[in-house]
Amino acid sequence: MSNDTSPSAGPPQAGLDPRGGSAGVPAGRGEVMSHEWPLWEVFVRSKAGLDHKHCGSLHAADPKLAIQMARDVYTRRQEGVSIWVVRSDQIVASDPGDKAMYFDPAEDKVYRHPTFYELPKSLDHM
Amino acid sequence: MYTQAMDTMGKDEAAKTVRSAEEMQLQERFDARIDAGDFIEAKDWMPEHYRKTLVRQISQHAHSEIVGMLPEGNWISRAPTLKRKAILLAKVQDEGGHGLYLYAAAETLGTSRDQLFDALHSGKAKYSSIFNYPTLTWADMGTIGWLVDGAAIMNQVPICRCSYAPYARAMIRICREESFHQRQGFEALLTMMTHGTQAQKDMVQDAVNRWWWPSIMMFGPPDDQSPNSAQSMRWGIKRVSNDELRQRFIDATVAQAQLLGVTLPDPDLKWNEARQSHDFGAIDWSEFKRVLAGDGPCNRERLAARVKAWDDGAWVREAATTHANKQAMKEAA
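These numbers come from a predicted model, not from an experiment.

A. The arrangement of the overall build of chain A in detail. Tallying secondary structure elements over chain A gives two helices and three strands in all. Going residue by residue from the N terminus, the α and β elements of chain A occur as β-β-α-β-α. Within the span of chain A, comprising 126 residues, buried residues form 31% of the whole. The contacts in chain A between residues at least 6 apart in sequence include a share of 50% that link residues at least 24 apart. Accessible surface for chain A amounts to roughly 8,300 Å². Of this, 56% is attributable to carbon and sulfur atoms.

Dropping the structure here:
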């Protein structure tokens, strides 16, 4: 769910993660609340032969617990045969503001697609 | 499900006029994307009011899933058979999972889990009025599955197309899992109505009588008293109006009640040939407002149970953190 907010809040991507750090967590109900467990992104391989795919995120204290919780939260109905977890603050992502600069230039390179080339009918399955 | 309180909030955050030319341009681009049916992702620019509306709606929804575990959790140890117990456990576990998907979606908007929990535990945040009613008999478990989860699904399916993509993705996952909730409920009731004693059949009818009105209140106030609906519709957060959803639910449920052999407790409920829909009696909105404001049959009990669970778990959270820190230090050494 939060795949797109995961990048580190380190200097190059500062401000990309809307959650920011946990420094601003307020004291609740008149007491000091403990710090949240770190956030992890969860990737699940649905069956042998397929890629691991991002399916969501969760909070966990350490890698072992993150895997166990991912199993309970994201694979209650045999949705997977393998799980990866990675600390959200370890993911580096492209900046959505750079989207046009990064991705649009490929738009006019139609010759990179097989359909660009017209071949004789008899060969069209090439 | 469960976001009915959205519509009763004041206009305290009515869209402010935009300030700079740059912001105006961003706003225009955002509106154009909404109009084009584009999805908005977490890091995209969005109006502050859109963000706040979503945090409020998604977190209310998450709170409802978590508090929703309580009325049914009460019956896990009293389920009549091992099969029913396993089913109920799975359902309650699902509700917990749904809460987690939704909290994660809300967190993408820049609010921390601790902040969200604090709002719930301090009583500041709302959750669905439906969970403030008591679950008195085993028939309530079936009726909650059939009516309450049925109403929730009716409400939630359109949110799978919500303009805010992390919310929409959470909803797709939830809807996929939730259809079992409604089916198991109906089946549990059908078993009692088909094979049960007269006392068990009466128990089912009694549960339906108690849950019917609260269930149709779940869709929130009527459209003409739902001041924020228009803005939410404009933004693609809400896709179908409260009254429309309520009508669809009622129309779908009448036939199911007949199949089950129960009556719905509304003498004015009847087919309207001209409208090709069912007419129904007046809803007691004063009850709805009372329950939502905190004065329902179980509001205090639910919140207290939730806060106790959180506080009782504090040592586990601390121990896990301490263990993780120790392991990390060992590795670093």
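B. Seen up close, the side chain of arginine 84 of chain B. For arginine 84 of chain B, the location among the structural elements is in helix 4 (residues 82-107). Using a relative accessible area of 10% as the deciding quantity, one classes arginine 84 of chain B as buried.

C. Structural context of a nonpolar patch on the surface. A contiguous nonpolar patch, built from Val110, Tyr111, Phe116, Tyr117, Leu119, Leu123 and Met126 of chain A and spanning about 700 Å² of accessible area, is present on the exposed surface. Residue position: valine 110 of chain A is located in the segment after helix 2 (99-103).

D. Quick peek at the packing of helix 4 of chain B against helix 5 (residues 113-121) of chain B. Residues and elements named next belong to chain B. Taken N-terminus to C-terminus, the directions of helix 4 and helix 5 make an angle of 115°; their axes are 9 Å apart at the nearest point. The chirality of how helix 4 crosses helix 5 is right-handed. In this structure, helix 4 contributes Leu100, Tyr103, Ala104, Ala106 and Glu107 to the contact, and helix 5 contributes Arg113, Leu116, Phe117 and Leu120. Looking at the contact of helix 4 with helix 5 residue by residue, the class counts come to seven nonpolar, no polar and two charged.

E. Expanded view of helix 12 (residues 299-312) of chain B. All names here are of chain B. The end-to-end C-alpha distance of helix 12 is 20 Å, a good match for the 20 Å that 14 residues give at a rise of 1.5 Å each. For helix 12, every residue scored as buried is listed here: Asn299, Arg302, Arg306, Val307 and Trp310. Viewed end-on, helix 12 has its buried residues packed into an arc of 125°, placing them on one side of the element. Facing away from the buried side of helix 12 by over 90 degrees, the exposed positions are Arg300 and Lys308.

F. Inspection of the environment of alanine 304 of chain B at higher detail. Residue and element names in this part refer to chain B. Within the secondary structure, alanine 304 is located in helix 12. With a relative accessible area of 46%, alanine 304 lands in the partly exposed category. Between the C-alpha atom of alanine 304 and that of isoleucine 250, which follows or precedes it by 54 residues, the distance is 33 Å.

G. Representation of the nonpolar core within the structure. Residues and elements named next belong to chain B. Tyr50, Leu54, Ile58, Trp146, Tyr164 and Tyr167 are the most contacted members of the largest nonpolar core, which has 92 residues in total. In terms of residue count, helix 7 (residues 165-195) provides more of this core than any other element does, ten residues in total. Leave out the neighbours within four places in its chain, and tyrosine 164 touches Ile40, Glu41, Ala42, Met46, Tyr50, Leu54, Ile58, Ala105, Thr108 and Leu109.

H. Main features of helix 2 (residues 48-67) of chain B. Counted at 1.5 Å a residue, the expected span for helix 2 of chain B with its 20 residues is 28 Å, and the 28 Å between its end C-alpha atoms agrees. Of all 20 residues making up helix 2 of chain B, 17 are buried, and the element is well covered by its neighbours.

I. Summary view of the sheet that holds strand 1 (residues 39-45) of chain A. All names here are of chain A. An order of 2-1-3 is seen for the three strands of this open sheet, with the pairing classed as antiparallel. Whereas interior strands pair on both sides, the edge strands pair on one side only; in this sheet they are strand 2 (52-59) and strand 3 (82-87). Direction aside, the axes of adjacent strands within the sheet are offset by 25° on average. Summarising the sheet, strand 1 and strand 3 pair through six bridges and their orientation is antiparallel. By the bridge assignment for strand 3, arginine 45 is matched with serine 82. The strands that helix 1 (residues 63-74) touches are strand 1, strand 2 and strand 3; relative to strand 2, the one it contacts most, it runs at about 110°.

Reading the values: the criteria
- Residues numbered from 1 in each chain as written.
- Chains lettered and ligands numbered in written order.
- Predicted model: local features only at pLDDT ≥ 70, side-chain atom pairs only at ≥ 80, totals over all residues.
- Heavy atoms only, no water.
- Helix = DSSP H or I, 4+ residues; strand = E, 2+ residues; numbered from the N terminus.
- Buried < 20%, exposed > 50% of the residue type's maximum accessible area, 1.4 Å probe, protein only.
- Contact = heavy atoms within 4.5 Å.
- Areas by Shrake-Rupley, 256 points an atom, 1.4 Å probe, with all protein chains shown as cover.
- Patch = residues over 30% accessible without salt bridge, like charges linked within 9 Å, V, L, I, M, F, W, Y side chains within 5 Å.
- Salt bridge = Lys/Arg side-chain N within 4 Å of Asp/Glu carboxyl O.
- Axes fitted to C-alpha atoms, helices over the stretch in contact; angles between N-to-C directions.
- Left-handed = near helix turned anticlockwise from the far one by under 90°.
- Nonpolar A, V, L, I, M, F, W, Y, C, P; charged D, E, K, R; others polar.
- Expected span 1.5 Å × (residues − 1).
- Arc of directions from axis to C-beta.
- Core = buried A, V, L, I, M, F, W, Y, C linked by side-chain atoms within 4.5 Å.
- Pairing = 2+ DSSP bridges.

Keep in mind these numbers describe shape, not what the thing actually does.
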